[in-house]
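# Structural features, examined
The lines below spell out each chain.
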Amino acid sequence: MTEKLKLIDGVEAINWNRIQDEKDVEVWNRLVNNFWLPEKVPLSNDVQSWATLTPDEQQLTMRVFTGLTLLDTMQATIGAVSLIPDALTPHEEAVYTNIAFMESVHAKSYSSIFSTLASTKEIDEAFRWSTENPHLQKKARIITDYYRGDDPLKRKVASTLLESFLFYSGFYLPMYWSSRAKLTNTADLVRLIIRDEAVHGYYIGYKYQRGLETIPEERRQELKDYTYELLFELYENEVQYTHDLYDGVGLAEDVKKFLHYNANKALMNLGYEAMFPSTLTDVNPAILSALSPNADENHDFFSGSGSSYVIGKAVNTEDDDWDF
Amino acid sequence: MTLGMAHSTGFAPASAGDGQPETDASLIYFSSASGYTRRFVEKLGIRAAQLPLHTSQPTLLALRPYVLLLPTYGGTAASPGAAARGAVPKQVIKFLNHEGNRSLIRGVIGAGNTNFGDSYCLAADIIAVKCQVPVLYRFELMGTSEDVAKVNEGLEKFWTHQSQKPA
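What counts as what
Residues numbered from 1 in each chain as written. Chains lettered and ligands numbered in written order. Predicted model: local features only at pLDDT ≥ 70, side-chain atom pairs only at ≥ 80, totals over all residues. Heavy atoms only, no water. Helix = DSSP H or I, 4+ residues; strand = E, 2+ residues; numbered from the N terminus. Rg over C-alpha atoms; globule rule 2.2 N^0.38 Å. Buried < 20%, exposed > 50% of the residue type's maximum accessible area, 1.4 Å probe, protein only. Contact = heavy atoms within 4.5 Å. Areas by Shrake-Rupley, 256 points an atom, 1.4 Å probe, with all protein chains shown as cover. Buried area = accessible area lost by both parts, 1.4 Å probe. Salt bridge = Lys/Arg side-chain N within 4 Å of Asp/Glu carboxyl O. Polar contact = N/O pair within 3.5 Å; in protein donor to acceptor, adjacent residues only side chain to side chain. Nonpolar A, V, L, I, M, F, W, Y, C, P; charged D, E, K, R; others polar. Axes fitted to C-alpha atoms, helices over the stretch in contact; angles between N-to-C directions. Parallel < 35°, antiparallel > 145°, perpendicular 65-115°, else oblique. Left-handed = near helix turned anticlockwise from the far one by under 90°. pLDDT = per-residue confidence, 0-100. Pairing = 2+ DSSP bridges. Lys, Arg positive; Asp, Glu negative; His and termini not counted. Arc of directions from axis to C-beta.

## So, the overall build of chain A
Across its full length, chain A holds 12 helices and zero strands. Starting at the N terminus, the α and β elements of chain A follow one another as α-α-α-α-α-α-α-α-α-α-α-α. Relative to the 2.2 N^0.38 estimate, which gives 20 Å for 324 residues, the radius of gyration of chain A is 21 Å and therefore close to what a compact globule would have. Oriented by its inertia axes, the alpha-carbon framework of chain A measures out at about 60 × 55 × 40 Å. For chain A, with 324 residues in total, the buried portion stands at 54%. Partitioning the contacts of chain A with sequence separation of at least 6, the portion at a separation of at least 24 is 80%. Carbon and sulfur atoms make up 51% of the accessible area of chain A, which totals about 14,600 Å².

## Considerations on the interface of chain B and chain A
Each partner contributes residues to the interface: chain B has 56 residues there, and chain A has 50 residues. Carbon and sulfur atoms make up 55% of the area that chain B and chain A hide from each other, which totals about 4,700 Å². When the buried surface of chain B facing chain A is broken down by residue, B:Y36, B:N115 and B:K130 rank first, second and third, together holding 14% of it. With a closest N to O distance of 3.2 Å, A:E273 and B:K43 form a salt bridge. Counting every contact that joins chain B to chain A gives 23 residue pairs in polar contact (both at pLDDT 80 or more). Mapped by element, the contributors of at least two residues to the side of chain B that touches chain A are α1 (36-44), α2 (90-96), α4 (122-131), β8 (135-140) and α5 (145-164) of chain B. When residues in the side of chain B that touches chain A are grouped by element, the largest group, seven residues, is from α4(B). Grouping the constituent residues of the side of chain B that touches chain A by class yields 29 nonpolar, 15 polar and 12 charged.

## Observations concerning the packing of helix α3 (residues 55-83) of chain A against helix α8 (residues 168-179) of chain A
All names here are of chain A. Two elements in contact, α3 and α8, have axes whose closest approach is 8 Å; the angle formed by their N-to-C orientations is 135°. By the angle between their axes, α3 is oblique relative to α8. Taken as a pair, α3 and α8 cross one another with a handedness that is left-handed. Contacts between α3 and α8 involve E57, L60, T61, V64, F65 and L68 from the former and G170, F171, L173, P174 and W177 from the latter.

## Points about the environment of B:I126
All names here are of chain B. The topology assignment puts I126 in helix α4. Exposure remark for I126: the relative accessible area of 2% places this residue in the buried category. Taking the C-alpha atoms as reference points, I126 and M142, 16 residues apart in sequence, are found 21 Å from one another.

## Quick word on the packing of α3(A) against helix α4 (residues 90-117) of chain A
Residues and elements named next belong to chain A. Running from N to C, α3 and α4 cross one another at 160°; their axes reach a closest spacing of 8 Å. Considering their axes alone, α3 and α4 lie roughly antiparallel with respect to each other. In terms of crossing hand, the pair formed by α3 and α4 is left-handed. Contacts from M62, F65, T66, L68, T69, D72, T73, Q75, A76, A80, V81 and L83 in α3 reach Y96, I99, A100, E103, S104, H106, A107, Y110, I113 and F114 in α4.

## Points about the confidence of the model for chain B
Residues and elements named next belong to chain B. In this model, chain B carries an average pLDDT of 85, and 81% of its residues clear a pLDDT of 70 or more. In this model residues 12-17 is a low-confidence stretch, pLDDT under 50, and it forms seven contacts with partners more than four residues away in sequence or in other chains. Our summary of model confidence lists the complex with pTM equal to 0.90 and ipTM equal to 0.88.

## Quick notes on the pattern of salt bridges
All names here are of chain A. Throughout the structure, instances matching the rule amount to 22 salt bridges over all chains. A salt bridge links E217 to R220; the shortest N-O distance between them is 3.3 Å. Remark: R220 and E217 occur in helix α10 (residues 217-246); sequence separation between them is three residues, near one turn of the helix. For E217, a relative accessible area of 49% translates into the label partly exposed.

## What to know about the sheet that holds strand β4 (residues 49-50) of chain B
Residue and element names in this part refer to chain B. The sheet built from five strands is open, its strands ordered β4-β3-β6-β7-β8 with parallel pairing. Every other strand in the sheet has two partners, leaving β4 and β8 as the edge strands with one partner each. Its contacts with the sheet put α1 on β3 (27-29), β4, β6 (66-71), β7 (105-112) and β8, and the angle it makes with β3 is roughly 160°. Strands in contact with α5 are β6, β7 and β8; relative to β8, the strand with the most contacts, it is inclined by about 170°.

## With respect to the side chain of A:E163
Residues and elements named next belong to chain A. With respect to the element layout, E163 can be found in helix α7 (residues 152-166). The buried charged residue E163 lacks any salt bridge partner; its closest oppositely charged side chain belongs to K139, at an N-O distance of 13 Å. Separated by 3.5 Å, the side chains of E163 and H200 make a polar contact. Among all residues touching E163, those that are not within four sequence positions of it are Q75, I99, E103, Y168, E197, H200, G201 and I204.

## Comments concerning α1(B)
All names here are of chain B. Inspection of α1 places Y36, T37, F40, V41 and L44 among the buried residues, and these make up the whole buried set. Each buried residue of α1 sits inside an arc of 140° when the element is viewed along its axis, so together they form one side. Just downstream of α1 lies G45, where phi reads positive at about 70°.

## Remarks on the side chain of A:R155
Residues and elements named next belong to chain A. Tracing the backbone through its elements, the reader meets R155 in helix α7. Note on R155: relative accessible area 7%, which makes it buried. Within the structure, R155 has its side chain in polar contact with the backbone oxygen of Y147 (distance 3.2 Å). Setting aside residues up to four positions removed in sequence, R155 forms contacts with S82, L83, D86, Y146, Y147, G149 and D150.

Next comes the structure, spelled out in structure tokens:
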């Protein structure tokens, strides 16, 4: 643990008027537009709802959020920072600093939830659980080993899998509560985190694919095999972690579908084909609509009966460059 | 509809007039530099035309009825529930500002990510309302094999149905 953080070799003044990769600017702008702080979310409105949860449900919720806090802490202090020396452009470096900071905001926001809903004793107990749960510690160890390793592309794979897959055993629960009209303000806050993680996973996955373009085919194949192997290793651990957390409330099987669904999306963020067939990714529609009210496939002409399709009316756009 | 000819661009020779490239493809799409939407279209294996990546380039001129496929990147609303700004890519707005193009659109397909909540495939919804055409399908990122099958099957039925409608 005594190794020094590897820093970039040289620094030049960053010139945002000379852009090598437009994605850097686009993603920077999106991240800035998405900026938020937990203080803006009225978490205290959830105090009454929290009291309706059973002690087991409260304990589960606390544990899920300490698990998420650990991942966000890792991503803030090691993950996003470890990507900086590998950046291809100075603007990419800047985007990683933004990602690192936002991960710290995420980690802190769980503490806001805790202090609003629980006692100091309950909070301390949940944090102790997070340091003692073998599966949670294992996933942290697998990822940090890659961050400390010397392969820039493998680091990006590990980071994308964290952003786009490892969070979701935890994200399931606030979506579940939200679908039952419980802890809805907490769910609003977590949705903001989910949105951020999607941009992070997309961007790091994009940079991974740019990196792949510069290496020989043989090495590309090796990285593809490595990605599926790492995902599978993480998945097996994630299944055990899910059982540890959710068996008591009988939700483990439902959570696993959500894991499969998000594993597929993590692979797609890296430019690879989905791995789990649709029979294993049929996430509970209540969870999907808690995530996105537009995810209901009956809106679609091809999926629904077609005849029942109604063209929408009001969409509020503020773009001024439409001519009609 | 013309099937086969995997992901050819569907460009006809540029028209002599204003130098805008014309297309007779029945699927027209926008994809950013990350290329997820383009990869979905490649998996469809049908003739499709891609809108230019930069607004400085002349946009396409559609020659026949078409379905528009475009992604929503999310993160365009300042806060949850706030009005979306810039959900529809400028390149697509430029294409639809052309009245001829607008008159030939028959449906929209959206690509996106449910992580963006309310904004999931929002650009497709906006265009559907503005142009009064249905959203035919939504899928995430570069789509699964099931999405590819559903869109191929759906488009074929859709065009068959369209061709039976009185002109």
